[in-house]
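# What the coordinates show
Chain residues, written in single-letter form:
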Amino acid sequence: MRLSGHGLRCVRGGREVFAGLDFAAASGEALAVMGRNGSGKTSLLRLIAGLLIPAGGTIALDGGDGEMTLPEQCHYLGHRDALKPALSVAENLAFWADFLGGERCDAAESLTKVGLDHATHLPAAFLSAGQRRRLSLARLLTLRRPVWLLDEPTTALDVAGQDMFAGLMRQHLASGGLIIAATHAPLGINARELRIGGVG
Ligand SMILES: Nc1ncnc2c1ncn2[C@@H]1O[C@H](COP(=O)(O)OP(=O)(O)OP(=O)(O)O)[C@@H](O)[C@H]1O
């Protein structure tokens, strides 16, 4: 499987954010998208996820599931945690599994892996910032999707949480997945750098 973009151009609010951007990542590879604030890292992830339309260029996934679109094969984890405060931890995960569709993995196991097994019945409103992030990360594990698009995924995670997530990313890569992550901080895994907009 290989995800690539060629000659990508991104325009937001009538202003060109980047142009002529090329990237490629194969199964088992991670790309760390780096660049100054406003250089277009989030925009690139949203283009790949199908949440924005490129003003030019192409994005292709070769060797994926031919019956599914690229966005259907991606997990997009944005800045915001997208949790419903009144629903419990377990209910939030079930909501996402229903919303995204597809074959589910064991939700309890996913919550154990992210260290939230003690909090399954707690309303999301009561979670700390790091716990909210951990619940968002559990979404990546609940449904198997090969392409992980991650926007500053380690925000609010403590050192143990960063190590835990690095382990989950390594497992994902070892099982043939690929990762594109926008980040200002080291991800804790081997990742090739994709720099947008000069020195950041
Ligand atoms: N909805 C929008 N309408 C107009 N302009 C937007 C919109 N969303 C983002 N932009 C602009 O697009 C540019 C790129 O934003 P983007 O969020 O992709 O940058 P980034 O590299 O992820 O930044 P950061 O490091 O601060 O997270 C910025 O100048 C931003 O103001």
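See the structure shown above.
These lines cover the structure that appears in this document, whether it is placed above or below. For every chain, the first residue of the written sequence is number 1, and numbering continues from 1 onward in sequence order. Whole-chain, interface and lining totals are the exception, using all residues; otherwise, since this is a predicted model, local features are given only for residues with pLDDT of at least 70 and side-chain atom pairs are given and counted only at 80 or more.

Positive phi is not limited to glycine here, since Glu152 has a value of about 45 degrees. Strands here are runs of E lasting at least two residues and helices are runs of H or I lasting at least four, both read from the DSSP assignment and numbered beginning at the N terminus. You can see Glu152 is positioned in the loop between β6 (147-151) and α5 (159-174). Counting other C-beta atoms within 10 Å of its own, a residue is labelled buried from 20 upward, exposed at 12 or fewer, and partly exposed in the gap between, with every C-beta atom placed from the backbone. Using a count of 17 C-beta atoms within 10 Å as the deciding quantity, one classes Glu152 as partly exposed. Its identity is not glycine, yet Ala156 carries a phi of approximately 75 degrees, on the positive side. You can see Ala156 is positioned in the loop between β6 and α5. Overall, Ala156 belongs to the partly exposed group, with 15 C-beta atoms counted inside 10 Å.

Further remarks concern the nonpolar core. For this entry, the nonpolar core is defined as buried Ala, Val, Leu, Ile, Met, Phe, Trp, Tyr and Cys residues connected by C-beta atoms within 7 Å. The biggest cluster of nonpolar side chains holds 47 residues, and the ones touching the most others in it are Val33, Ile48, Ala138, Leu149, Ile179, Ile180 and Ala181. Note on contacts: each residue gets a C-beta atom placed from the backbone, and two residues are in contact if those atoms are within 7 Å. When residues no more than four places from it in sequence are discounted, the contact partners of Ile180 are Ala25, Leu31, Val33, Leu45, Ile48 and Leu149.

In the vicinity of the ligand, the contacting residues are Arg12, Gly13, Val17, Gly35, Asn37, Gly38, Ser39, Gly40, Lys41, Thr42, Ser43 and Ala182. Considering each element in turn, the shell around the ligand owes the most residues, three residues, to helix α1 (residues 41-48). When residues are sorted by character, Ala, Val, Leu, Ile, Met, Phe, Trp, Tyr, Cys and Pro go into the nonpolar class, Asp, Glu, Lys and Arg into the charged class, and all the rest, Gly among them, into the polar class. When grouped by side-chain class, the residues that make up the shell around the ligand number two nonpolar, eight polar and two charged. Using the backbone to place each C-beta atom, any residue with that atom within 6 Å of a molecule or strand is considered near it.

Let's shift gears to α1. Buried residues dominate α1, accounting for seven of its eight residues. Within α1, the full set of buried residues consists of Lys41, Thr42, Ser43, Leu44, Leu45, Leu47 and Ile48. Phi turns positive one or two residues past the end of α1, at Gly50, with a value near 80 degrees.

The subject of this paragraph is the pairing of strand β2 (residues 15-26). With eight bridges joining them, strand β1 (residues 2-12) and β2 adopt antiparallel strand pairing. Paired with Leu3 across the two strands is Ala25, which belongs to β2. Two strands pair under a simple rule: DSSP has to find at least two bridges between them. Here β1 folds back onto β2, and the loop between the two strands holds two residues, one of which, Gly13, carries a positive phi near 55 degrees.

Take the number of residues in a helix, subtract one, and multiply by 1.5 Å to get its expected span. With 14 residues, helix α4 (residues 129-142) extends 20 Å between its outermost C-alpha atoms, agreeing within 8% with the 20 Å of an ideal straight helix rising 1.5 Å per residue. Taking burial as the measure, the 14 residues of α4 include 12 buried ones, the bulk of the element. Taken as a whole, α4 has its buried residues at Gln131, Arg132, Arg133, Arg134, Leu135, Ser136, Leu137, Ala138, Arg139, Leu140, Leu141 and Thr142. Looking at the buried positions of α4, the neighbouring elements they touch are β5 (74-77), α2 (89-100), α3 (107-113), β6 and α5.

One open sheet holds the five strands; their spatial order is β5-β6-β7-β3-β8, and the pairing between them is parallel. At either margin of the open sheet sits one strand with a lone partner, and together these are β5 and β8 (192-195). Within the sheet, the average angular offset between the axes of one strand and its neighbour, ignoring direction, is 15 degrees. Sheet analysis places strand β3 (residues 30-34) next to β8, joined by four bridges and oriented parallel. Paired with Met34 across the bridge in β8 is Arg195. All axes here are fitted lines through C-alpha atoms, helices being fitted over the stretch that makes contact, and every angle between N-to-C directions spans 0 to 180 degrees. Contacting β3, β6 and β7 (178-182), α5 runs over the sheet at an angle of about 140 degrees to β7.

What follows deals with the environment of His79. By secondary structure assignment, the location of His79 is in the loop between β5 and α2. Sequence separation of His79 and Arg9 is 70 residues, and the distance between their C-alpha atoms is 22 Å. Those residues within four positions of His79 in sequence are excluded, and the remaining contacts are Asp151 and Glu152.

A word on the packing of α2 against α4. Where α2 meets α4, the axes come as close as 10 Å, and the angle between the chain directions of the two elements is 45 degrees. Between α2 and α4, the angle falls in the class oblique. As for the relative orientation of α2 and α4, their crossing is right-handed in sense. Residues Val89, Asn92, Leu93, Trp96 and Ala97 of α2 touch α4, and the partners they reach there are Leu135, Ala138, Arg139 and Thr142. Reported orientations rely on four angle classes, namely roughly parallel under 35 degrees, roughly antiparallel over 145, roughly perpendicular from 65 to 115, and oblique for the rest. Helix crossings are classified by the rotation of the near helix relative to the far one: an anticlockwise turn of less than a right angle makes the crossing left-handed, while a clockwise turn makes it right-handed.

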